[in-house]
Amino acid sequence: RMREATGRAVAECRRLVDEMYGTVRNLALGLRPSMLDDFGLQAALEWHARDLMGRYRLDVGLEMDGDFDALPEKHRTCIYRVVQEATTNCVRHARTKRIEISVSAHDGQLQASVSDEGVGLDRTHRRIGLGIRGIEERVKELQGTVTISRRPGGGTCLAVRLPVPVSEGSP
């Protein structure tokens, strides 16, 4: 009986340590990632995709199209954070084996989507987590929009669209 209680306590301690580790890691990642400055948005997202594949044994597709280096810093950071948070949600909630990430920058629009083939949105449990709220606030700050939808074959797609300001000196 005592051994059982001790086992439960140890398991709970392990769970709490794992949770704290995750929280600290997320806080550290919440700082501006130096990789964005050092290597650019595309390389940072490629690294993130490889990290997801290695850590969670997921198949991650990444499609990028556009000139990301010309984007304002705030926009690059926003898209990186959106992808990071959306993929974290996929890992935690979707029970999926595949994640598709798409980012494009054309005609004054920066768009990103993260799709999974998981269990999809649960309409009966519409509690919006802090991660989604954070995404919405980041995007709203840059006058963008966030759309979260069910995918026809199952799964969820989170899509973000940001207007990109025209830089001074361009025609």
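In the block above lies the structure referred to throughout.
Residues numbered from 1 in each chain as written. Predicted model: local features only at pLDDT ≥ 70, side-chain atom pairs only at ≥ 80, totals over all residues. Heavy atoms only, no water.

### Re the overall build of the protein
Within the protein, the secondary structure is distributed over 5 helices and 5 strands. Along its sequence from the N terminus, the protein presents helices and strands in the succession α-α-α-β-α-β-β-α-β-β. Looking at the protein as a whole, 34% of its 171 residues qualify as buried. The contacts of the protein with a sequence gap of at least 6 include a subset with a gap of at least 24, amounting to 67%. (Helix = DSSP H or I, 4+ residues; strand = E, 2+ residues; numbered from the N terminus. Buried < 20%, exposed > 50% of the residue type's maximum accessible area, 1.4 Å probe, protein only. Contact = heavy atoms within 4.5 Å.)

### Considering unusual backbone geometry
Residues other than glycine seldom take positive phi values, yet Arg-57 does so here, at roughly 55°. By secondary structure assignment, the location of Arg-57 is in the loop between helix H3 (41-56) and strand E1 (59-66). The class of Arg-57 is exposed, set by a relative accessible area of 71%. In this structure, Arg-95 takes a positive phi of about 50° despite not being glycine. For Arg-95, the location among the structural elements is in the loop between helix H4 (73-94) and strand E2 (98-106).

### What to know about the nonpolar core
Note that soluble globular proteins tend to have their nonpolar side chains buried in a common cluster. Core analysis: the largest hydrophobic core is formed by 34 residues, its most contacted members being Leu-41, Phe-68, Ile-79, Val-103, Leu-110, Val-160 and Leu-162. Contributing elements (two or more residues each) for this core: H3, E1, H4, E2, strand E3 (109-116), helix H5 (130-141) and strand E5 (156-163). If you tally residues by element for this core, the top one is H4, at 8 residues. Discounting residues that sit within four places of it in the chain, Val-103 has contacts with Leu-45, Glu-63, Met-64, Asp-65, Phe-68, Ile-79, Leu-110, Gln-111 and Ala-112. (Core = buried A, V, L, I, M, F, W, Y, C linked by side-chain atoms within 4.5 Å.)

### Some points on the sheet that holds E5
The strand order across the open sheet built from 5 strands is E1-E2-E3-E5-E4, with neighbouring strands paired in mixed fashion. Of all the strands in the sheet, just E1 and strand E4 (145-150) have a single pairing partner and so form its edges. In this sheet, adjacent strand axes meet at a mean angle of 10° when their direction is disregarded. Across 6 bridges, E4 lies against E5 in antiparallel orientation. By the bridge assignment for E5, Thr-145 is matched with Arg-161. (Pairing = 2+ DSSP bridges. Axes fitted to C-alpha atoms, helices over the stretch in contact; angles between N-to-C directions.)

### Quick notes on the side chain of His-48
As for its placement among the helices and strands, His-48 is situated in helix H3. With a relative accessible area of 7%, His-48 lands in the buried category. If we skip the residues at most four places from it in the chain, His-48 touches Tyr-80, Val-83, Gln-84 and Thr-87.

### What about the packing of H3 against H4?
Put simply, H3 and H4 touch, their axes get as near as 10 Å, and they point 10° apart. Classified by the interaxial angle, the pair formed by H3 and H4 is roughly parallel. Handedness of the crossing formed by H3 with H4: right-handed. Seen from H3, the contacting residues are Leu-41, Ala-44, Leu-45, Trp-47, His-48, Leu-52 and Tyr-56; seen from H4, they are Arg-76, Ile-79, Tyr-80, Val-83, Gln-84, Thr-87 and Val-91. (Parallel < 35°, antiparallel > 145°, perpendicular 65-115°, else oblique. Left-handed = near helix turned anticlockwise from the far one by under 90°.)

### Description of the pattern of salt bridges
For the structure shown, the criterion picks out 7 salt bridges. A salt bridge links Arg-15 to Glu-12, with the shortest nitrogen-to-oxygen separation between them at 2.8 Å. Placement of both Arg-15 and Glu-12 in helix H1 (residues 2-30) is noted, with a separation of 3 residues, approximately one turn of the helix. Looking at Glu-12, the relative accessible area reads 36%, which means it is partly exposed. Classification of Arg-15 by relative accessible area gives partly exposed; the value is 40%. Bridged by salt links that share partners, the residues Glu-12, Arg-15 and Glu-19 form one connected network. (Salt bridge = Lys/Arg side-chain N within 4 Å of Asp/Glu carboxyl O.)

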